[in-house]
Amino acid sequence: MPLLKIDKLSKSFGGLKAVSNLNIEINDGELIGLIGPNGAGKTTVFNLLTGVYEPTEGSVKFQSKDMRGLKPYQVTQSGMARTFQNIRLFSDLTVIENVKIAYHQRSSYSTLSAFLRLPSYYAGEEEMQRKAMELLKIFNLEDKAEEVAKNLPYGEQRRLEIARALGTEPKLLLLDEPAAGMNPQETHDLMNLIRWIRQQFNLAILLIEHDMSLVMGVCERIYVLDYGMIIAQGTPDEIKNNPKVIEAYLGEEVV
Ligand SMILES: Nc1ncnc2c1ncn2[C@@H]1O[C@H](COP(=O)(O)OP(=O)(O)OP(=O)(O)O)[C@@H](O)[C@H]1O
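Conventions used here
- Residues numbered from 1 in each chain as written.
- Predicted model: local features only at pLDDT ≥ 70, side-chain atom pairs only at ≥ 80, totals over all residues.
- Heavy atoms only, no water.
- Near = heavy atom within 4 Å.
- Polar contact = N/O pair within 3.5 Å; in protein donor to acceptor, adjacent residues only side chain to side chain.
- Areas by Shrake-Rupley, 256 points an atom, 1.4 Å probe, with all protein chains shown as cover.
- Helix = DSSP H or I, 4+ residues; strand = E, 2+ residues; numbered from the N terminus.
- Nonpolar A, V, L, I, M, F, W, Y, C, P; charged D, E, K, R; others polar.
- Axes fitted to C-alpha atoms, helices over the stretch in contact; angles between N-to-C directions.
- Parallel < 35°, antiparallel > 145°, perpendicular 65-115°, else oblique.
- Left-handed = near helix turned anticlockwise from the far one by under 90°.
- Contact = heavy atoms within 4.5 Å.
- Pairing = 2+ DSSP bridges.
- Domains from an automatic or database assignment.
- Buried area = accessible area lost by both parts, 1.4 Å probe.
- Phe/Tyr/Trp six-rings, centres within 6.5 Å; stacked < 30°, edge-to-face > 60°.
- Buried < 20%, exposed > 50% of the residue type's maximum accessible area, 1.4 Å probe, protein only.
- Salt bridge = Lys/Arg side-chain N within 4 Å of Asp/Glu carboxyl O.

- Within an unreviewed UniProt entry, the label attached to the protein reads Branched-chain amino acid transport system ATP-binding protein, and the organism entered is Desulfosporosinus hippei DSM 8344.

Structure follows, in structure tokens:
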């Protein structure tokens, strides 16, 4: 069984079919791209996967489990984490608190032990602090641990958002335009980071991105959406040379 199986998924908003008859499969550890013009339906796919929207039709199976009706926090607990096109951090909390919240979503100690401040609560807290610091080190943010998130430069906020998503220990990470607003050097560093994360954390990644150097550089397979429908899928080379994709999205200059 694939890690994720999207089967004939559709979503309508009134008369608009934002996603139409979508079929996608992702296996363990794959790095997959989802590209297409503005308004093609890419973020809607993420919202369908993460329980923000209910599908109009079709199904999503993740680790063989039917995801229908799950709330976003239940989707996170089941092992799928995401970042957002417009960064969504807890902007008034510190950097480390942002990551610890993610671990709390997965915490092993009970609410009762937290309430009663039992030893298991303190052990859990210490463990979380340690793990959160480790993550911050990986993302080169350990010196910023006690800074308020909103005071970080843009590129660091993006990295923190990815770190926080990883704190929930996902098997599938959904990245929505992680390179948006980054300069070429930051985008290049992000490319290496994405590759490294996949290996280090042993997870699959589904990446929405308009920066073609990033998508073509890291993805093994790419799905192309246009008007809510998949118009092509294949390796980066196949996608670059697909006439339908060139016409709908890439233009002549990429070829
Ligand atoms: N909650 C909503 N209500 C009504 N229409 C919506 C809603 N969410 C998305 N849409 C519409 O669905 C279509 C797909 O939008 P979506 O944001 O998924 O596209 P996208 O491919 O992510 O675009 P972009 O690359 O610009 O982020 C658009 O026409 C959008 O206006």
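**Thoughts on the site of the ligand**
For step 1, the next point in the chain: As a matter of local geometry, the ligand sits amid 15 residues, with Gly39, Gly41, Lys42, Thr43 and Thr44 nearest to it.
For step 2, the next point in the chain: Lys42 has a polar side-chain atom sitting 2.8 Å from an oxygen atom of the ligand.
For step 3, the next point in the chain: At 2.8 Å from an oxygen atom of the ligand is found a main-chain nitrogen or oxygen belonging to Thr43.
For step 4, the next point in the chain: For the ligand, whose unbound accessible area comes to 640 Å², protein coverage reaches 64%.
For step 5, the next point in the chain: Sorting the residues of the shell around the ligand by element identifies β2 (16-26) and α1 (42-49) as the ones contributing at least two each.
For step 6, the next point in the chain: Looking at the shell around the ligand element by element, the count peaks at three residues for α1.
For step 7, the next point in the chain: In terms of residue class, the shell around the ligand is made up of six nonpolar, seven polar and two charged.

**What to know about the packing of helix α3 (residues 95-104) against helix α6 (residues 154-167)**
For step 1, the next point in the chain: Axis separation between α3 and α6 bottoms out at 7 Å; the angle between their running directions is 30°. Looking at the two axes, α3 sits roughly parallel to α6. By crossing handedness, the relation of α3 to α6 is classed as right-handed. Facing Val95, Asn98, Val99, Ala102 and Tyr103 of α3, the residues of α6 in contact are Leu160, Ala163, Arg164 and Gly167.
For step 2, the next point in the chain: The class makeup of the residues in the contact of α3 with α6 is six nonpolar, two polar and one charged.

**Quick word on the packing of α6 against helix α7 (residues 184-201)**
For step 1, the next point in the chain: Between α6 and α7, whose axes approach to 12 Å, the crossing angle comes to 10°. Between α6 and α7, the angle falls in the class roughly parallel. Contacts from Gly155, Arg159, Ile162 and Leu166 of α6 reach α7 at Glu186, Leu190, Leu193, Ile197 and Phe201.
For step 2, the next point in the chain: For the contact of α6 with α7, the class distribution of residues is six nonpolar, one polar and two charged.

**Some points on the sheet that holds strand β4 (residues 57-62)**
For step 1, the next point in the chain: Here four strands make up an open sheet; going across it, the order is β2-β1-β4-β5 and the pairing antiparallel. The strands lining the two open edges of the sheet, one partner per strand, are β2 and β5 (65-66).
For step 2, the next point in the chain: In this structure, strand β1 (residues 4-13) lies alongside β2, joined through seven bridges in antiparallel fashion. If you follow Ile6 over to β2, its bridge partner there is Ile24.
For step 3, the next point in the chain: In the packing of α1 onto the sheet, contacts are made with β1, β2 and β4, and the angle to β1 comes to roughly 115°.

**Topic: the domain arrangement of the protein**
For step 1, the next point in the chain: For the protein, the assigned domains are domain 1 (1-79 + 170-255) and domain 2 (92-165).
For step 2, the next point in the chain: Centre-to-centre, using C-alpha coordinates, domain 1 lies 27 Å away from domain 2.
For step 3, the next point in the chain: Each side of the interface is counted separately: domain 1 has 19 residues, and domain 2 has 11 residues.
For step 4, the next point in the chain: Summed over both sides, the interface of domain 1 with domain 2 buries roughly 1100 Å², with 69% coming from carbon and sulfur.

**Points about the packing of aromatic side chains**
For step 1, the next point in the chain: What the rule picks out here adds up to one aromatic pair.
For step 2, the next point in the chain: On the basis of an interplanar angle of 75° and a centroid distance of 5.2 Å, the ring pair of Phe13 and Tyr53 is categorised as edge-to-face. Linking Phe13 in strand β1 with Tyr53 in the loop between α1 and β4, this pair joins segments that are 40 residues apart in sequence.
For step 3, the next point in the chain: Given a relative accessible area of 29%, Tyr53 falls into the partly exposed group.

**Details of the pattern of salt bridges**
For step 1, the next point in the chain: Throughout the structure, instances matching the rule amount to 11 salt bridges.
For step 2, the next point in the chain: In this structure, Glu30 engages Arg221 in a salt bridge whose closest nitrogen and oxygen atoms are separated by 2.9 Å. With Glu30 in the loop between β2 and β3 (31-35) and Arg221 in strand β9 (residues 221-226), this residue pair connects regions lying 191 residues apart in the sequence.
For step 3, the next point in the chain: A residue is classified by how much of its surface remains accessible, and Glu30, at 15% relative accessible area, is buried.
For step 4, the next point in the chain: For the salt bridge of Glu54 with Arg68, the shortest nitrogen-to-oxygen distance reads 3.9 Å. With Glu54 in the loop between α1 and β4 and Arg68 in the loop between β5 and α2 (72-77), the pair connects residues that are 14 residues apart, well separated along the chain.
For step 5, the next point in the chain: Judged by relative accessible area, which is 43%, Glu54 ranks as partly exposed.
For step 6, the next point in the chain: Overall, Arg68 belongs to the partly exposed group, its relative accessible area being 47%.
For step 7, the next point in the chain: Three or more residues are tied together by salt bridges with common partners; here these are Glu127, Arg130 and Glu134.

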